[in-house]
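# An overview of the molecular structure
For reference, the chains in residue letters:
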Amino acid sequence: MDYFLISPTGAPLSGEVEISGAKNAVLATMTAAMLADGTTTLTNVPYLRDTKTMSNVLRVIGCRIDGGAHEFKVDSHGANHLEAPYELVSTMRASFYVLGPLVARFGRCRVSLPGGCAWGPRPVDLHLKGLEALGAKIEVTHGYVEATSDGPLPGGNFRFPIVSVGATVNVLMAATLAKGTSVLENAAIEPEIDSLIDLLESMGAKIEGKGTRSLVVHGVPELHPGFSKTIPDRIEAGSFLCGGVISRGKIKATHCNPTHIKSLLDIFEEMGCTVNIGADWVEVDASRRDLKPVHVEAVPYPGFPTDLQAPLMAVLATVPGESKIRDSVYLDRFKHVAELNRLGANISLEGNVATIKGVEKLQGAPVMASDLRAAAALVIAGLVADGESRVSRIYHLDRGYEDFERKIAQLGGKVSRLNDQIPAE
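The name an unreviewed UniProt entry gives the protein is UDP-N-acetylglucosamine 1-carboxyvinyltransferase, with Fibrobacter intestinalis as the organism. Entered under Function (unreviewed entry) in the UniProt record, the comment concerning the protein runs "Cell wall formation. Adds enolpyruvyl to UDP-N-acetylglucosamine." Under the UniProt heading Sequence similarities (unreviewed entry), the note attached to the protein is "Belongs to the EPSP synthase family. MurA subfamily."

## So, the sheet that holds strand S21 (residues 353–357)
Pairing is mixed in the open sheet, where 4 strands are placed in the order S18-S19-S21-S20. Since the sheet does not close on itself, it has two edges, and those belong to strand S18 (295–298) and strand S20 (346–350), each with one partner. The mean inter-strand angle of the sheet, taken between neighbouring strand axes irrespective of direction, is 15 degrees. For S20 and S21, the ladder comprises 5 bridges, and the chain directions are antiparallel. Its bridge partner being in S21, Leu349 is matched across the sheet by Ala354. Helix H10 (residues 309–316) contacts S18, strand S19 (322–327), S20 and S21 of the sheet and is inclined by roughly 170 degrees relative to S19.

## A short note on the sheet that holds strand S11 (residues 181–185)
The mixed open sheet is built from 4 strands, whose spatial order is S10-S11-S13-S12. Across the chains shown, the open sheet's two edge strands, defined by having one partner strand only, are strand S10 (157–159) and strand S12 (206–208). Across this sheet, the average inter-strand angle for adjacent strands is 15 degrees, counted without regard to direction. Examined bridge by bridge, S12 and strand S13 (residues 214–218) share 3 bridges and lie antiparallel to one another. Paired with Glu208 across the two strands is Val216, which belongs to S13.

## Observations concerning unusual backbone geometry
Following Tyr301, the chain continues into Pro302 via a peptide bond in cis, with omega recorded as 15 degrees. Looking at where Pro302 falls in the secondary structure, it is placed in the loop between S18 and H10. One non-glycine residue, His142, lies in positive phi territory at about 55 degrees. Along the polypeptide, His142 turns up in the loop between strand S8 (137–141) and strand S9 (144–148). The residue Arg393 is not glycine, and still its phi comes out positive at about 60 degrees. By the element assignment, Arg393 lies in the loop between strand S23 (389–392) and helix H13 (395–398). By relative accessible area, Arg393 is classed as partly exposed at 35%.

## Re the pairing of strand S1 (residues 2–6)
Here S1 runs beside strand S24 (residues 415–419); their pairing, made up of 5 bridges, is antiparallel. By the bridge assignment for S24, Leu5 is matched with Ser416. By the bridge criterion, 4 bridges tie S1 to S23 in an arrangement that is antiparallel. Among the inter-strand pairings, Ile6 is bridged to a residue of S23, identified as Ser389.

## Quick notes on the side chain of Arg333
Among the secondary structure elements, Arg333 is positioned in the loop between S19 and helix H11 (336–342). Among the residues examined, Arg333 registers a relative accessible area of 6% and is labelled buried. Within the structure, the side chain of Arg333 is placed 2.7 Å from the side chain of Asp307, a separation counted as a polar contact.

The rules we used
- All residue numbers here refer to positions counted from 1 along the written sequence of the relevant chain.
- Residue-level local features of this predicted model are given only where pLDDT is at least 70; pairs of side-chain atoms are given and counted only at 80 or more, and the full residue set underlies all totals for whole chains, interfaces and linings.
- Computation of side-chain values: all heavy atoms of the structure, hydrogens and water removed.
- UniProt positions are given in the numbering used here, feature names are shortened, and annotations may be inferred rather than shown by experiment.
- Pairing between strands is defined by DSSP: at least two bridges between them are needed.
- Secondary structure elements follow DSSP: runs of H or I of four or more residues count as helices, runs of E of two or more count as strands, with numbering from the N terminus.
- To get an axis, fit a line to the C-alpha atoms, keeping to the stretch in contact for a helix; angles then go from 0 to 180 degrees between the N-to-C directions.
- Contact definition: two residues touch when any of their heavy atoms are within 4.5 Å.
- Partly exposed describes any residue whose relative accessible area lies between the buried limit of under 20% and the exposed limit of over 50%, with all areas from a 1.4 Å probe on protein chains only and scaled to the type maximum.
- For the purposes of these results, a polar contact is taken to be a pair of N or O atoms within 3.5 Å, where, inside protein, one atom must be able to donate a hydrogen and its partner to accept one; residues adjacent in sequence count only when each atom of the pair is a side-chain atom.

Laid out in C-alpha cells, this is it:
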C-alpha cells in the first residue's frame, strides 16, 4: 500500500501552484450527462481516483467515456443497465448521484447505498425524501435503493430540512425531466451547484433561482447533450494556501476563483497574513512570524467550508495562543485530531468543537489518514515537523488531489510516494 514519506526542508513553501478542476463539481456533471441521449463534453476534468471511479460506475450502467487528458466525452446512448453496484458505490459516496438522473430518464433504477470517507454516518435520507416529493417510489432492500416511476416524475415541492449539497444535486437533476414545476427550498448554493445548473441549462433545462436557496425547475420532456468546463477546485486551492501559511511562506494559487474561498482568505487576514487577489489568482503571504489565533466555525457556503476544517486545524496547531474550530456541518469529522496530536499538536475535542493550543514545533511521526481532507492536513503538518513523517492510507488523498507530490515539490516541499509491499524474489 502506498504511503508518503515527508522530509522537511526547513524552508517555507513558496511559489506558484496551478489549481485543477473541482472534484466535487465534475462528479455531479458526469452523472448529469445521463439525463440526455448522446455525448456531453466535459473539460478541465481533474485526473483523480474519484473521477476514475465515477467513470467505472457510468460504464457499468452502459455509458461510454472517451477523451484525452482533462477532457471527458460521456456518451449515454447505451445506458441500459440501470444498476450501480455496491462494489463501486461503496468506495465513493458521489456515485449515489446516478439515482436522480436514472429514475427521471428511465423510470427505474437500483443503486447501492453509498460508502465513502471513514468518519461518521452521512445519511442519504434527504436524497430519498426529495425524490419521493417529486413522485418517485422508493424502497430500500438488501442494501440497495430501488427507485421507480410510472412514466415521467410528476414533480413537486421539497424543502431540505438542512442544507445538503449531495441531496440538492440529486433532486435538482431529477426535477429537470419532471412533467410539472418543482420548487426546491433551502437548496445548497455552493459553486458546484451553480456549475451543475450551468450544464443543465446548456442541455435545455429550465431553472430559476441560480445562486439562491430557492430553485424553481420547470420540467421539460427531454434534454440534449451539453458542455461544461469544470470550475477550479476551491478546496485544493485552500489546501495549498494552508500549506503556505503553516510553513510561513508565500504562495500564489493560479487558475482559481478567489470569491469561492473568500471565507478562508478572511480568516488568513484575521490571522495576520497578507492577501492579494486577482481575477483568477490569489496570493497569501505568511512570512511574518507573529500570526494570531482565531475562532472559526465550519458552515454551509458561503461560510467557511467543512472540507478545509482539517487543513486549517493543522495551520492553527502552529499558531501561538488558543484557537477554536467548530464544525456545524459534520459534527464528528474529527478523526484527524488524534493524528495531529501524534505530530506534537496540542488539540482537545469536546463535542464538535476543537480547541487548538499552538505549539512552537511539530514533531515527525508515523500517522494515518482517515479521509481525503485529513490526509492533506497531515501532509502539510509533516512538511513543517521536526524530523521525517510517514502518512499512510494516502489513497484517500488520491481521491481528490491531482499531481499532489509534483505540486508540493514545485513549492519546495519534499514528499516521496513509497510502497511497503515486500518485493518478489
